[in-house]
Amino acid sequence: MIYPELSYKIVGLLFDVYNELGGGYQEKYYRRAIVEKFKDENIKFREQIAVFLRFRKEKIGHYFLDFFIEDKIVLEIEITPKFYLRDIRQVLAYLKAINLKLGILVRKTA
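Residues numbered from 1 in each chain as written. Predicted model: local features only at pLDDT ≥ 70, side-chain atom pairs only at ≥ 80, totals over all residues. Heavy atoms only, no water.

1. Concerning the overall build of the protein
Stage number 1. Of the regular secondary structure elements, the protein holds three helices and four strands.
Stage number 2. Reading the protein from its N end, one meets helices and strands in the order α-α-β-β-β-α-β.
Stage number 3. A compact globule built from 110 residues should have a C-alpha radius of gyration of about 13 Å, and the protein, at 14 Å, falls within 12% of that.
Stage number 4. Dimensions along the principal axes, computed over C-alpha positions, put the protein at roughly 45 × 30 × 25 Å.
Stage number 5. Relative to its 110 residues, the protein shows a buried fraction of 34%.
Stage number 6. Long-range pairs, those at least 24 residues apart, make up 55% of the contacts in the protein with a sequence separation of at least 6.
Stage number 7. Averaging the locations of the 20 positively and 15 negatively charged side chains of the protein gives two centres separated by 8 Å. (Helix = DSSP H or I, 4+ residues; strand = E, 2+ residues; numbered from the N terminus. Rg over C-alpha atoms; globule rule 2.2 N^0.38 Å. Buried < 20%, exposed > 50% of the residue type's maximum accessible area, 1.4 Å probe, protein only. Contact = heavy atoms within 4.5 Å. Lys, Arg positive; Asp, Glu negative; His and termini not counted. Charge placed at Lys NZ, Arg CZ, Asp CG, Glu CD.)

Here it is in structure tokens:
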């Protein structure tokens, strides 16, 4: 497993947020709660950052990451009834664009 200590900490934090907040909210409220937990746990993160896709050193597009954690993990939050292939492909594209190895995709049902 890549970054096991940090990965487990993030997943535990996500469970804490869900257990405390419960279900039925919009994604932006879960993101705000996650931000508070990251701060409580002193986890270094950036939120909603632009990542540029380049071709021959030219910017040809961009993505926005929900969270970029400790400069090594992408965390993407989805509020959907299930994971879709497009969600997985999206996270894989993020990782490829910024040359990272680990993305965590989290689904919270509405």
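So, next bit.
2. So, helix α3 (residues 85–98)
Stage number 1. Taking 1.5 Å per residue as the helical rise, α3 with its 14 residues ought to reach 20 Å, and the 20 Å between its terminal C-alpha atoms agrees with that figure.
Stage number 2. Within α3, burial applies to Asp87, Val91, Tyr94 and Leu95. The buried residues of α3 occupy an angular sector of 95° when projected down its axis, which confines them to one face. In α3, the exposed positions angled more than 90 degrees off the buried face are occupied by Leu85, Arg86, Arg89, Leu92 and Lys96.
Stage number 3. Buried positions along α3 lie against β2 (58–69), β3 (73–78) and β4 (102–107). (Expected span 1.5 Å × (residues − 1). Arc of directions from axis to C-beta.)

3. Notes on the packing of aromatic side chains
Stage number 1. Enumeration according to the criterion identifies five aromatic pairs in this entry.
Stage number 2. In this structure, Lys59 packs its charged tip against the face of Phe52, placed 4.3 Å from the ring centre.
Stage number 3. Across from the ring centre of Tyr84, 4.5 Å away, lies the NZ or CZ of Arg86, which sits over that ring. (Phe/Tyr/Trp six-rings, centres within 6.5 Å; stacked < 30°, edge-to-face > 60°. Lys NZ or Arg CZ within 6 Å of the ring centre and 35° of its normal.)

4. Some points on a nonpolar patch on the surface
Stage number 1. On the surface, Phe83, Leu85, Ile88 and Leu92 cluster together into a nonpolar patch covering about 370 Å² of accessible area.
Stage number 2. Mapped onto the elements of the fold, Phe83 is located in the loop between β3 and α3. (Patch = residues over 30% accessible without salt bridge, like charges linked within 9 Å, V, L, I, M, F, W, Y side chains within 5 Å. Areas by Shrake-Rupley, 256 points an atom, 1.4 Å probe, with all protein chains shown as cover. Salt bridge = Lys/Arg side-chain N within 4 Å of Asp/Glu carboxyl O.)

5. A look at the pairing of strand β1 (residues 45–55)
Stage number 1. Two elements, β1 and β2, share ten bridges in a ladder whose sense is antiparallel. By the bridge assignment, Phe55 is partnered in β2 with Glu58.
Stage number 2. Linking two consecutive strands that pair antiparallel, namely β1 and β2, is a turn of two residues; a positive phi of about 55° is found at Arg56 within it. (Pairing = 2+ DSSP bridges.)

6. So, the nonpolar core
Soluble globular proteins tend to bury their nonpolar side chains together.
Stage number 1. Core analysis: the biggest nonpolar cluster contains 18 residues, and Ile10, Ile34, Phe38, Phe67, Ile69 and Leu75 have the highest contact counts within it.
Stage number 2. Those residues within four positions of Ile34 in sequence are excluded, and the remaining contacts are Leu13, Leu14, Val17, Phe67, Leu75 and Ile77.
Stage number 3. Listed in part, the nine residues of the second largest apolar core include Leu65, Val91, Tyr94 and Leu100. (Core = buried A, V, L, I, M, F, W, Y, C linked by side-chain atoms within 4.5 Å.)

Function cannot be inferred from these measures alone, as they are strictly geometric.
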